[in-house]
Amino acid sequence: MKKAYDTIIVGGGIVGCSIAFELAKRGVKDILLIERGYLASGATGRCGAGIRQQWGSKLNATLAVESTHIFENLESYTGYNYSCGLNQAGYLLIACTPKEWDQFQINLDVQHELGVESHVVDLEKDVYNYVPFINTDGIYGATFCQKDGHADPFHCTFAYAQGAKRMGVEILTYTTVESLIAEQGKIKGVHTSKGDFEASRVINCANGWAPGLAAQVGDEIPVFPERHQALVTEPVAPMGPNGPMPMVMSFHRRFYVQQSPHGSFIMGIAEDEPISFNYRSSWQFLEECCSIITNTLPALRGLRVVRQWAGLYDMSPDHCPIIDFSKNAEGLLNICGFSGHGFMIAPRVAILVANALCQQEDAIDIHMFSADRYRTGDILIEPSVV
Ligand SMILES: Cc1cc2nc3c(=O)[nH]c(=O)nc-3n(C[C@H](O)[C@H](O)[C@H](O)COP(=O)(O)OP(=O)(O)OC[C@H]3O[C@@H](n4cnc5c(N)ncnc54)[C@H](O)[C@@H]3O)c2cc1C
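Details of the domain arrangement of the chain
Reasoning step 1: Under the domain assignment, the chain is made up of domain 1 (4-46 + 154-223 + 318-376) and domain 2 (91-145 + 225-315).
Reasoning step 2: Computed over C-alpha atoms, the centres of domain 1 and domain 2 are 31 Å apart.
Reasoning step 3: Contact with domain 1, which involves 13 residues of that partner, is made by nine residues of domain 2.
Reasoning step 4: Both faces considered, domain 1 and domain 2 share a buried interface measuring about 1100 Å² in area, 57% of it formed by carbon and sulfur atoms.
Reasoning step 5: The interface formed by domain 1 and domain 2 contains zero salt bridges.
Reasoning step 6: At the junction of domain 1 and domain 2, the tally comes to five residue pairs in polar contact (both at pLDDT 80 or more).

This is the structure in structure tokens:
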């Protein structure tokens, strides 16, 4: 294989692969994507792959809405021969305090401005038409959006990767980028476990490991790794009104749970975790997750858990991604900090990045994602995250 490229992308998750695809689509030649394991072996392959448009900030709602449109046609968009598993069974968001319910009203306005078909659900009777077995004790209100759902994170990533490959992108798996090569303020390439590769542009999409690579050239990216766990149950008959139960999510109770099309329930909670690269599974999670979720959905009691796993969130201070053009090594772009919702916004973020790198216009200003926002105070506030 060649030793010199135009662009090297570090990380074969949904972010790296979608950026490779969008750049190739815009005619960029000589792209090499390097992944330490197999494609989607990081957070992407460990995620719940939930896709929701019910956001509280206009920015996140826009990224999610425009990404959803792409997920809806990802197979034809990328030329992929398999299904990417999009299932738009909807999201029921529950508010568990009056303050949270007030926030939901504001969120609905933001969503409606963007054409999201979200609406208030009457808790007395209507809610059972969406989630028949819900315990509404302590719930102040709920909203629903039918177009929210989930997809298969492996197929989505492979769709982008295969599309990129067809356009000439080279993908090198089981290869670790050990360090960045920079000289006189410019990026020159990467040292890897399989030798050195030159490039005048390096896109660092290594998720929780991205800040460590960026630090090698002096870039300070305030993103830290945090363990998040999930579990899946045995498959059971559909528990929604007309099929699988939609996603039920609570920011206050910090959980999400959804039934997949083949009947298994996939669920997770947010725990108070230290900064760490630990992604081992724990008994504490198993107990806490089952207890919290069966409180709201008692009908899930007794279901057998068949598997649990953990992955890393790359947390930024304002829970929004950082897209930062290096000031220390020209040609280096650091992209991380997706804080637990990178899967659902990756398609639009990839377009944003590719447009910026190819000098094409974009309705979103990429510079608002710069890490400078933590110095200037222009942080991106999102009121609705688990
Ligand atoms: C339990 C859990 C549930 C989640 N649920 C959702 C959800 O429902 N919806 C949603 O939108 N998001 C969810 N997320 C978040 C989502 O998974 C991430 O935001 C998204 O996958 C980030 O994609 P990425 O490509 O940046 O990272 P990754 O998929 O982690 O890809 C980065 C890749 O870089 C590779 N890498 C790292 N260092 C190096 C190196 N030095 N050399 C070469 N390769 C390297 C890694 O192996 C990895 O494959 C969840 C995450 C977790 C952990």
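With respect to the state of the cysteines
Reasoning step 1: On inspection of all chains with the given rule, the structure shows zero disulfides.
Reasoning step 2: Cysteine 96 takes part in no disulfide bond, and the closest cysteine sulfur to it belongs to cysteine 289, at a distance of 15 Å.
Reasoning step 3: On the basis of relative accessible area, cysteine 96 is assigned to the buried category, the value being 8%.
Reasoning step 4: Lacking any disulfide linkage, cysteine 289 is separated from the closest cysteine sulfur, that of cysteine 290, by 5.5 Å.
Reasoning step 5: For cysteine 289, a relative accessible area of 0% translates into the label buried.

Brief notes about the pattern of salt bridges
Reasoning step 1: Applying the stated criterion across every chain, the model contains 13 salt bridges.
Reasoning step 2: Here aspartate 272 ties to arginine 254 by a salt bridge, and the two come within 3.3 Å at their closest N and O atoms. Residue aspartate 272 is located in the loop between β15 (265-269) and α8 (283-296), and its partner arginine 254 is located in the loop between β13 (247-250) and β14 (255-259); the two are separated by 18 residues in the primary sequence.
Reasoning step 3: A residue is classified by how much of its surface remains accessible, and aspartate 272, at 69% relative accessible area, is exposed.
Reasoning step 4: Across the pair arginine 375 and aspartate 372 runs a salt bridge, and its minimum N-O distance is 3.2 Å.
Reasoning step 5: Sharing partners across several salt bridges, the network here consists of Glu66, Arg348 and Asp362.

Concerning the site of the ligand
Reasoning step 1: Taken together, 36 residues form the shell around the ligand, and within it Glu35, Thr44, Gly50, Asn207 and Met344 come nearest.
Reasoning step 2: At 3.2 Å, a backbone N or O of glycine 340 approaches a nitrogen atom of the ligand.
Reasoning step 3: Methionine 344 has a polar backbone atom sitting 2.8 Å from an oxygen atom of the ligand.
Reasoning step 4: Protein burial of the ligand: of its 1000 Å² of free accessible surface, 97% is covered by the chains.
Reasoning step 5: Going through the elements one at a time, α1 (14-25), α2 (43-46), β16 (305-315) and α9 (342-357) are the ones with two or more residues in the shell around the ligand.

Some words on the nonpolar core
Reasoning step 1: Membership of the largest hydrophobic core comes to 57 residues, with the highest contact counts inside it found for Ile19, Leu23, Ile203, Ile323, Ile335 and Val353.
Reasoning step 2: Elements supplying a minimum of two residues to this core: α1, β2 (31-34), α3 (58-71), α6 (153-166), β18 (332-336) and α9.
Reasoning step 3: By residue number, the principal contributor to this core is α9, which donates 11 residues.
Reasoning step 4: Not counting the four nearest positions on each side in its chain, isoleucine 335 is found in contact with Val15, Ile19, Ile203, Asn204, Cys205, Ile322, Ile323 and Val353.
Reasoning step 5: Within the second largest apolar cluster, 28 residues are counted, among which are Cys96, Tyr130, Met239 and Leu300.

As for the side chain of arginine 52
Reasoning step 1: With respect to the helices and strands, the residue arginine 52 is situated in the loop between β3 (50-51) and α3.
Reasoning step 2: Buried within the structure, arginine 52 lacks any salt-bridge partner; its nearest side chain of opposite charge belongs to glutamate 382, at an N-O separation of 5.4 Å.
Reasoning step 3: When neighbours within four sequence positions are excluded, arginine 52 is seen to be in contact with Ala64, Tyr91, Asp148, Met249, Phe251, Met344, Ser384 and Val385.

Concerning α8
Reasoning step 1: With 14 residues, α8 should reach 20 Å at 1.5 Å per residue; the first-to-last C-alpha distance of 21 Å fits that figure.
Reasoning step 2: Structurally, α8 contributes buried residues whose contacts are with β4 (91-95), β12 (224-233), β14, β15 and β16.

Considering α6
Reasoning step 1: With 14 residues, α6 extends 20 Å between its outermost C-alpha atoms, agreeing within 8% with the 20 Å of an ideal straight helix rising 1.5 Å per residue.
Reasoning step 2: Those residues of α6 lying buried are Pro153, Cys156, Thr157, Ala159, Tyr160, Ala161, Gly163 and Ala164.
Reasoning step 3: If you follow the buried residues of α6, they end up packed against α1, α2, α3, α4 (74-78), β8 (170-172) and α9.
Reasoning step 4: Downstream of α6 by one or two residues, glycine 168 has phi in the positive range, about 105 degrees.

What counts and how
- Residues numbered from 1 in each chain as written.
- Predicted model: local features only at pLDDT ≥ 70, side-chain atom pairs only at ≥ 80, totals over all residues.
- Heavy atoms only, no water.
- Domains from an automatic or database assignment.
- Contact = heavy atoms within 4.5 Å.
- Buried area = accessible area lost by both parts, 1.4 Å probe.
- Salt bridge = Lys/Arg side-chain N within 4 Å of Asp/Glu carboxyl O.
- Polar contact = N/O pair within 3.5 Å; in protein donor to acceptor, adjacent residues only side chain to side chain.
- Disulfide = S-S within 2.5 Å.
- Buried < 20%, exposed > 50% of the residue type's maximum accessible area, 1.4 Å probe, protein only.
- Helix = DSSP H or I, 4+ residues; strand = E, 2+ residues; numbered from the N terminus.
- Near = heavy atom within 4 Å.
- Areas by Shrake-Rupley, 256 points an atom, 1.4 Å probe, with all protein chains shown as cover.
- Core = buried A, V, L, I, M, F, W, Y, C linked by side-chain atoms within 4.5 Å.
- Lys, Arg positive; Asp, Glu negative; His and termini not counted.
- Expected span 1.5 Å × (residues − 1).

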